[in-house]
Amino acid sequence: MNKKQKTNRLRIIITAVLLIGLYIVFKSGLILPEDFLNPWLERAVFIVPYIIIAYDILIKSVKGILKGQLLDENFLMGVASIGAFVLGECVEGVAVVLFYQIGELFESYAVGKSRKNITELMDITEDVCFVVEGDDVVKTDSDEVEIGTIIEVKPGDKIPLDGVVVEGGSVIDTSALTGESKPRDITTGDEVLSGSINVTSVIRIKTTAEFEESTASKILDMVSSAGMRKSRSENFISKFAHYYTPIVCGLAVVIAIVVPLVSGLLLGHDYNFAVWVYRALTFLVISCPCALVISVPLSFFAGIGSASAKGVLIKGSNYIEMLSKVDAVYFDKTGTLTKGEFKVTNVYSVTEDINVDLTLDNSDSAQYGSAVRELYKYAASAEYYTNHPIGISMINSYINMENANAKSDELTDAKKDEYLIKPSHVDQIGGKGIIAKVADKEVAVGNDLLMEELINGDFKKATEVGTVVYVSIDNTFAGYIVVNDQIKEGSFEAISELYKVGIKDVGMFTGDEEPIARDIAAKLGLNKIKAKLLPIDKVKALEDEINAGHKVSFIGDGINDAPVIMRSDVGIAMGALGSDAAIEASDIVIMDDDPRKVSLTVRIAKKCMRIVYENIYFSIGIKVLVLLLSLFGLASMWMAIFADVGVMILAVLNAIRCLRIK
Amino acid sequence: MKKTYKIEVDCANCANKMEEATKKTEGVKDAVVNYMTLKMKVEFEDGADVDTVMNNVRNNCKKIEDDFEIYL
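Now for a look at the structure at hand. Only a predicted model underlies this, so the values are computations on that prediction, with no experimental measurement involved.

Quick notes on the overall build of chain A
So, step 1. In terms of regular secondary structure, chain A is built from 21 helices and 23 strands.
So, step 2. Taken over the C-alpha atoms alone, chain A extends approximately 120 × 70 × 45 Å along its principal axes.
So, step 3. When each of the 662 residues of chain A is scored for burial, the buried share is 51%.
So, step 4. Approximately 29,900 Å² of chain A is accessible, and the part contributed by carbon and sulfur atoms is 57%.
So, step 5. Positive and negative side-chain charges in chain A, numbering 65 and 86 respectively, have mean positions lying 8 Å apart.

Structure (structure tokens):
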């Protein structure tokens, strides 16, 4: 609590004690008879706690009047409480202001607290850094460090600026950026991003960005300006608040003056001003729209905060609102649902006529026939010089098959020489494959077109799904190798979860061949796929869905898919850590590449919107109800206080639930 | 041109009123007040003098709520 909050708390406590004490002594009839004080003395006694609790409101409302601000809440509370005193309802007069102050205190405390919580979650920048100057290390403000400076980061410290490691090796933890604590090994030459934490040992980094331009600052800036893009609910609330207070106050005036006059003059009833003025004052107490005005943005803010703690950046509360209405979600394939890492899944050899299914995890090479191994070796050797991902995957898979221990290591020339035969000559046949001289044999690896050309189509077509690499040795068909992209861990869960949260269509747009797309769709449970799409076709496919009346979200890797991401109702970029283009194009950014974050984000959006609507309906509902009741004299000022302060407290507590979405 | 300022404001409804007052100030094209992050983003008209405009914004906002503050 800050100083102001503490003073107010003290005032509230003193007033509450005084009010209860005075009530027991003078009004309850327990100690003194109820009519011990005459009305004037009663006012004089209760004015003491009133002044303690209400002096700032009274000062502010006088100031407000002088500046022509009639309808601010201080003025309204002032009028309501003074009115109650005039009517002789002193206890209620003090209570109105007392509870109003409790509400204000609670509001500023709760909001301050969640503001602090959320900013702590997002506190990923490091203000100080240690610049290396000769033999010394000098402590400097991060925002004064120029590009190309060498800085030192100790274990346990946050990396303050983006850079490249120039000395030392360590393990870094990027969980503050991605929400996922997967430690990463780094060594000289590796790029590191600000906001990660250096875990094991001292490293020196040559900076590649200034503080303002570094990853951590950009992310922080994006999240903290998220509230600037207001949702329709927030705009509705501002508009509502704008009209609500004047209307309720106008009604109060009508009730206080017009109603008794009319009923007195036209209907001949008594001019019972006191009754109607009491009802009008009740209106004034309810006239503040606080509950709504605070709880709605707070819900969104908490939702955005809890998402960012999990490595999902939402650029504005309007996107939460839109995402909650999305009924169709389309994924890009490579890099989004699949790893974009190819692996050999089948090897077929003519001589042995067996087909080895490598998707089964059996890395013991002894069980593969020697013919399969030989075919595989020749094919992999032919790809010796390749840069193509499929060729590299063939080499990797071959080495892994021969030696499972080699798995995690990187592909080096030494390793290639150990397992492969270096070809003496290689010809690239554009768009078809490679013909290489391997150990005096002419090995051709490539697609069906290459086989048509070399051996006149005298080969067995593969039935397996995937990218098929046919192999011929000395112009005789030898077999084929099937390579497949690997489905990401979590893709399946992500998709079934999306159906569970109420998304009707979960599909995929891909540039790949139809059978490959179908195969993946079947494995993951996608219900709509469109294959063989060029980037421009993806935009068209997406527009078709939008024109069919769907609210569509598209998830891609953000670089190739930027146009589709931008065109969709809610564009989500995945694996965006360190990619400005992706962050720029999308509405929601998933920092790492875990597809489960997509369903998590949808869940956060839906929950957040439900809480927003609960708050809107609940607050407006209770207020309107109490307004009606008090119009017919059925509600006391106590009920009005509940409708004002109680509802606000409940709405704020409800809003804070957005922080705890798992 | 757009600029972001740190602000201090006590209640959410006041923040809305500040936003309106700022929008109405001459030289301001658009403005957003974010109560949750206590920040205010102001977009200025072309050729507007930022310092004068912001002084006017501060005065206009103070008229509505005395506790309001902009850190220029």
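A closer look at the nonpolar core
For soluble globular proteins, the rule of thumb is that nonpolar side chains tend to be buried together.
So, step 1. Counting 150 residues, the largest nonpolar core has A:Phe331 and B:Val9 as its most contacted members.
So, step 2. Here this core takes 13 residues from helix H20 (residues 596-631) of chain A, the largest share from any one element.
So, step 3. Those residues in contact with B:Val9 that sit more than four places away from it in its chain are B:Cys14, B:Ala15, B:Met18, B:Tyr35, B:Leu38 and B:Phe68.
So, step 4. Core analysis: the next-biggest nonpolar cluster, separate from the first, contains 30 residues, A:Ile399, A:Leu420, A:Ile473 and A:Ile481 among them.

A few points about helix H11 (residues 370-382) of chain A
So, step 1. Compared with the 18 Å implied by 1.5 Å per residue over 13 residues, the 18 Å span of H11(A) between its first and last C-alpha is a close match.
So, step 2. Among the residues of H11(A), A:Ala371, A:Val372, A:Leu375, A:Tyr376, A:Tyr378, A:Ala379, A:Ala380, A:Ser381 and A:Ala382 are the ones counted as buried.

Thoughts on a nonpolar patch on the surface
Residues and elements named next belong to chain A.
So, step 1. Taken together, the side chains of Val253, Val254, Ile257, Val258, Leu261, Val262, Leu265, Leu266, Leu267 and Phe273 make up a nonpolar region of the molecular surface, amounting to roughly 900 Å² of accessible area.
So, step 2. Ranked by residues supplied to the nonpolar patch, first place goes to helix H7 (residues 232-265) with seven residues.
So, step 3. Looking at where Val253 falls in the secondary structure, it is placed in helix H7.

Here we look at the interface of chain B and chain A
So, step 1. With 24 residues of chain B at the contact, the number on the chain A side is 25 residues.
So, step 2. For the pair chain B and chain A, the number of links is one salt bridge.
So, step 3. In this structure, B:Glu19 engages A:Lys230 in a salt bridge whose closest nitrogen and oxygen atoms are separated by 2.7 Å.
So, step 4. The interface formed by chain B and chain A contains three residue pairs in polar contact (both at pLDDT 80 or more).
So, step 5. For the side of chain B that touches chain A, the elements supplying multiple residues, two or more each, are helix H1 (12-24), strand S2 (28-34), strand S3 (39-44) and helix H2 (50-64) of chain B.
So, step 6. A total of six residues in the side of chain B that touches chain A trace back to one element, the largest contributor, which is H1(B).

Some points on the packing of aromatic side chains
Residue and element names in this part refer to chain A.
So, step 1. One pass over the structure, following the stated rule, counts 15 aromatic pairs over all chains.
So, step 2. With centroids separated by 5.2 Å and ring planes inclined at 65 degrees, the aromatic side chains of Tyr376 and Tyr398 adopt a geometry described as edge-to-face. Placement of Tyr376 in helix H11 and of Tyr398 in helix H12 (residues 389-402) is noted, with a sequence separation of 22 residues between them.
So, step 3. Residue Tyr376 is classed as buried on the basis of its relative accessible area, which comes to 0%.

Let's talk about the sheet that holds strand S4 (residues 163-167) of chain A
Residues and elements named next belong to chain A.
So, step 1. Spatial ordering of the open sheet is given by S2-S1-S3-S9-S4-S7, a layout of six strands whose pairing is antiparallel. If you trace the sheet from one side to the other, it starts and ends with strand S2 (136-141) and strand S7 (191-192), each paired once.
So, step 2. Both strand S1 (residues 128-133) and S2 contribute to a ladder of six bridges, which runs antiparallel. Bridging across to S2, Val128 finds its partner in Asp141.

Observations concerning the pairing of strand S19 (residues 505-509) of chain A
Each regular strand displays side chains that alternate between the two surfaces of the sheet.
All names here are of chain A.
So, step 1. Counting buried positions over the five residues of S19 gives five, a clear majority of the element.
So, step 2. Both faces of S19 are covered, namely the face carrying Asp505, Gly507 and Phe509 and the face carrying Val506 and Met508.
So, step 3. When strand S11 (residues 328-332) meets S19, the two strands line up parallel, connected through five bridges. Bridging from a neighbouring strand, Tyr330 pairs with Gly507 of S19.

Some points on the pattern of salt bridges
When charged atoms on two side chains of opposite charge get close, those side chains can pair.
All names here are of chain A.
So, step 1. Applying the stated criterion to the full structure yields 28 salt bridges over all chains.
So, step 2. For the salt bridge of Lys530 with Glu545, the shortest nitrogen-to-oxygen distance reads 4.0 Å. Residue Lys530 is found in strand S20 (residues 528-530), and its partner Glu545 is found in helix H17 (residues 535-547); the two are separated by 15 residues along the sequence.
So, step 3. Residue class for Glu545 comes out buried when judged on its relative accessible area of 8%.
So, step 4. Through salt bridges that share partners, Asp505, Lys528, Lys530 and Glu545 make up one connected network.

Focus: a negative patch on the surface
So, step 1. On the surface, a cluster of negative charge is contributed by A:Glu120, A:Asp123, A:Asp127, A:Asp141, A:Asp143, A:Glu144, A:Glu146, A:Glu210, A:Glu212, A:Glu213 and A:Asp221.
So, step 2. A relative accessible area of 59% places A:Glu212 in the exposed class.

Section: the sheet that holds strand S22 (residues 570-574) of chain A
All names here are of chain A.
So, step 1. Within the open sheet, the seven strands sit side by side as S10-S23-S22-S21-S11-S19-S20. Their pairing is mixed. Looking at strand neighbours, the two that pair on one side only are strand S10 (312-314) and S20, the edges of this open sheet. The sheet shows a mean angle of 20 degrees between the axes of neighbouring strands, direction not considered.
So, step 2. Two strands pair when backbone bridges link them, and S22 and strand S23 (residues 588-590) are joined in this way by three bridges, in the parallel orientation. In the sheet register, Ala573 faces S23, and the bridge partner there is Val589.

Quick notes on the rules
Residues numbered from 1 in each chain as written. Chains lettered and ligands numbered in written order. Predicted model: local features only at pLDDT ≥ 70, side-chain atom pairs only at ≥ 80, totals over all residues. Heavy atoms only, no water. Helix = DSSP H or I, 4+ residues; strand = E, 2+ residues; numbered from the N terminus. Buried < 20%, exposed > 50% of the residue type's maximum accessible area, 1.4 Å probe, protein only. Areas by Shrake-Rupley, 256 points an atom, 1.4 Å probe, with all protein chains shown as cover. Lys, Arg positive; Asp, Glu negative; His and termini not counted. Charge placed at Lys NZ, Arg CZ, Asp CG, Glu CD. Core = buried A, V, L, I, M, F, W, Y, C linked by side-chain atoms within 4.5 Å. Contact = heavy atoms within 4.5 Å. Expected span 1.5 Å × (residues − 1). Patch = residues over 30% accessible without salt bridge, like charges linked within 9 Å, V, L, I, M, F, W, Y side chains within 5 Å. Salt bridge = Lys/Arg side-chain N within 4 Å of Asp/Glu carboxyl O. Polar contact = N/O pair within 3.5 Å; in protein donor to acceptor, adjacent residues only side chain to side chain. Phe/Tyr/Trp six-rings, centres within 6.5 Å; stacked < 30°, edge-to-face > 60°. Pairing = 2+ DSSP bridges. Axes fitted to C-alpha atoms, helices over the stretch in contact; angles between N-to-C directions.

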